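# Working through the structure, step by step
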Amino acid sequence: MTQEFTDSSRSTVGLEWEIMLADPETGDLVGRAPELLAALEDESAAERHTVTGELLTNTIEVTSGIGESVAHAIGDIGNAITAVRAATDPAGIELLSAGSHPFAQWFDQQVTDKTRYHHLIERTQWWGRNMMIWGIHVHVGVEDRDKVFPIINTLTAYLPHLQSLAASSPFWAGERTGYASNRALVFQQLPTAGLPWALHSWAEFEGYLDDMGRTGVMADATEVRWDIRPAPRWGTIEVRACDGLSTLAELASVAALVQVLVEHLSRMLDAGETLPTMPSWFHRENKWRAARYGLDARVIVDAAGTQRQVREHLAETVSELAPIAVDLGCAAEFAGVSAILEGGASYERQLSVADSTDADLGAVVQHLIREFRSGPGAPVI
């Protein structure tokens, strides 16, 4: 199966953000996307951003255009949110984002009436109906498809760092899970989801697609749901491992980290260097550790099995790669990674609210609503 890779400008950025719709009083999810989307999709047709539906009617997704910088793409997302609020505020709907909703139940949710979603649920059954998960996707342009898998194979070692920064699903269906990112382990139950296979060339990827197509696993490359994957249509590497970020500032910071890492690895290839890799069993263990412990995880960082605290390793990475952030014009957003390390990721803030309110998950939802509107530390209204 021949798979073209669209020409793309190097280190450009595209963003996707999945957002929950909630009742402002109860905090529970509301399946009202269908009544909003026709107008929102029409209004965004002439804009750089888009507003679309998702698997469940309680969700909308906003996407950016191709950003020359992180700020450019984030500006698109901000404009999309403004447009969405113009529709949801009068309708009495609140917005929030996290990897999971603290207390909503899967059996109360409705699937969006599209053939591909119905097909997914028919195939995956209970696990598909339990996909009450929200995430972000970060695309970074790659100018040469021969770079794609060398970069993916090395960038996979940083997925636990990204997953820990974005972790925001410590609760599931009213229960405290003990995980920073319960979403990470739920999502991998879908066919073709989870960590990427260790492919080494574009030809191997085409062979993989051929095998999956011939055996009826999937129809095309869009059904590859890896935590990090090529996006041939856009000419990008797409990182999909992260929970939904709770604030626009955090989205910007994680996007900047992904952009800087891809550019760093691309420069190493330009210099003729061989990118370092690790055994797949180390990646699998790292994913579990990041899901369980978040920023307190101790992860494996090289093929020799060296282990480091995620917080420390991230802080060092930010310091080492800061000059690249300057080159890419995302220094301010990149510095936000340090702010997350110092102030805590969303899962930590949610747990703090629960601990201070006698495990009132309604209070956790109201906290997320405030953060989405005003950022971390938003006052109680």
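That block above? That's the structure.
On a predicted model such as this, the values are computed, not experimentally measured, just so you know.

A tally of helices and strands in the chain yields 13 helices and 13 strands. For the chain, whose C-alpha radius of gyration is 20 Å, the value lies close to the compact-globule estimate of 21 Å for 381 residues. Taken over the C-alpha atoms alone, the chain extends approximately 55 × 45 × 40 Å along its principal axes. When the 381 residues of the chain are sorted by exposure, 57% land in the buried category. Long-range contacts, defined as pairs at least 24 residues apart, comprise 75% of the intrachain contacts of the chain with a sequence gap of at least 6. For the chain, the exposed surface amounts to about 15,600 Å²; the carbon and sulfur share of it is 51%. Side chains of the chain carry 28 positive and 52 negative charges; the gap between the two charge centres is 3 Å.

Looking now at the nonpolar core. Of all hydrophobic cores here, the largest spans 117 residues; its most connected members are Leu15, Trp17, Val62, Leu155, Leu165 and Tyr208. Element by element, the count of residues in this core is highest for helix H8 (residues 248-270), at twelve residues. Those residues within four positions of Leu165 in sequence are excluded, and the remaining contacts are Val254, Leu257, Leu295, Leu314, Val337, Ile340, Leu341 and Ala345.

Contact geometry for H8 and helix H10 (residues 310-328): axes closest at 9 Å, N-to-C directions at 80 degrees. Relative to H10, the element H8 lies roughly perpendicular. Where H8 abuts H10, its residues Leu257, Gln259, Val260, Leu261, Glu263, His264 and Arg267 lie against Leu314, Thr317, Leu321, Ile324, Ala325, Asp327 and Leu328. Residues belonging to the contact of H8 with H10 are distributed by class as follows: eight nonpolar, three polar and three charged.

Where burial is concerned, most of helix H5 (residues 159-166) is hidden: eight out of the eight residues are buried. All buried positions along H5 are accounted for by Leu159, Pro160, His161, Leu162, Gln163, Ser164, Leu165 and Ala166.

Thresholds, definitions, all that
- Residues numbered from 1 in each chain as written.
- Predicted model: local features only at pLDDT ≥ 70, side-chain atom pairs only at ≥ 80, totals over all residues.
- Heavy atoms only, no water.
- Helix = DSSP H or I, 4+ residues; strand = E, 2+ residues; numbered from the N terminus.
- Rg over C-alpha atoms; globule rule 2.2 N^0.38 Å.
- Buried < 20%, exposed > 50% of the residue type's maximum accessible area, 1.4 Å probe, protein only.
- Contact = heavy atoms within 4.5 Å.
- Areas by Shrake-Rupley, 256 points an atom, 1.4 Å probe, with all protein chains shown as cover.
- Lys, Arg positive; Asp, Glu negative; His and termini not counted.
- Charge placed at Lys NZ, Arg CZ, Asp CG, Glu CD.
- Core = buried A, V, L, I, M, F, W, Y, C linked by side-chain atoms within 4.5 Å.
- Axes fitted to C-alpha atoms, helices over the stretch in contact; angles between N-to-C directions.
- Parallel < 35°, antiparallel > 145°, perpendicular 65-115°, else oblique.
- Nonpolar A, V, L, I, M, F, W, Y, C, P; charged D, E, K, R; others polar.

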